[in-house]
Amino acid sequence: MNKINVKKKQVLQIKGDLYSKAYIVESGLLRSYTIDENGKEHIFMFGPEGWIVTDYASGDEPCDLYIDALEDSVVIQIEKNTELDFDQKKFIKRIRVLQSRIIMLMSASAIDRYEHFISTYPTIVQRVPQYMIASYLGITPEALSAAKSQRLKSQK
């Protein structure tokens, strides 16, 4: 394990890297994402304080995701072959969040996806540009704007 300071926009991993690492975010904000054949980014997850960001490829397989910093961050970098005592509750919660996200992407409306995003990431809504939130939700920025507007109208 190695604590490192990461600058905003610094790339920690690119697609295809071998022996990818895991990053525990102590402060700041990371994201993991992929880029399709048209050059469009698709955000897989955000990693605020206390979260672990990693590609789930095994140690010697090429990874699928890019990981970079959205803010200046302090992270603990972990080699994947390191023996760890891990918090099973946090791990199960992470899997649950990913499962819920997949189900939401398959079946939920834009407004429901946005509501889920707010409940999953309450501390980063104001820290992430709207186009990145839209990418995470699998919608256009225009659809996000419409969902936010609909949400405000329904709260009145």
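Fair warning: this is a prediction, and the values are worked out from it, not measured in the lab. (Residues numbered from 1 in each chain as written. Predicted model: local features only at pLDDT ≥ 70, side-chain atom pairs only at ≥ 80, totals over all residues. Heavy atoms only, no water.)

**Notes on the overall build of the protein chain**
Okay, so step 1: If you tally the helices and strands in the protein chain, you get four helices and eight strands.
Okay, so step 2: Going from the N terminus to the C terminus, the protein chain shows its helices and strands as β-β-β-β-β-β-β-β-α-α-α-α.
Okay, so step 3: A globule of 156 residues ought to have a C-alpha radius of gyration of about 15 Å, and the protein chain, at 16 Å, matches this closely.
Okay, so step 4: Considered along the principal axes of its C-alpha atoms, the protein chain spans approximately 50 × 35 × 30 Å.
Okay, so step 5: Out of the 156 residues belonging to the protein chain, those deemed buried represent 42%. (Helix = DSSP H or I, 4+ residues; strand = E, 2+ residues; numbered from the N terminus. Rg over C-alpha atoms; globule rule 2.2 N^0.38 Å. Buried < 20%, exposed > 50% of the residue type's maximum accessible area, 1.4 Å probe, protein only.)

**Some thoughts on the layout of surface pockets**
Okay, so step 1: Looking at the second largest pocket, its volume works out to about 160 Å³.
Okay, so step 2: Lys40, Glu41, Tyr131, Ala134 and Ser135 are, among the 13 residues lining the second largest pocket, the residues nearest its centre.
Okay, so step 3: Element by element, the count of residues in the lining of the second largest pocket is highest for helix α3 (residues 130-137), at four residues.
Okay, so step 4: Partitioned by chemical class, the residues of the lining of the second largest pocket number six nonpolar, four polar and three charged.
Okay, so step 5: There are two domains that each give the lining of the second largest pocket at least three residues, and those are domain 1 (2-84) and domain 2 (87-155). (1 Å grid on protein atoms, 1.4 Å probe; cavity = no way out; pocket = protein on both sides within 12 Å on 5 of 7 lines; lining within 4 Å. Points joined across faces, edges and corners; volume = space filled by probe spheres on them. Nonpolar A, V, L, I, M, F, W, Y, C, P; charged D, E, K, R; others polar. Domains from an automatic or database assignment.)

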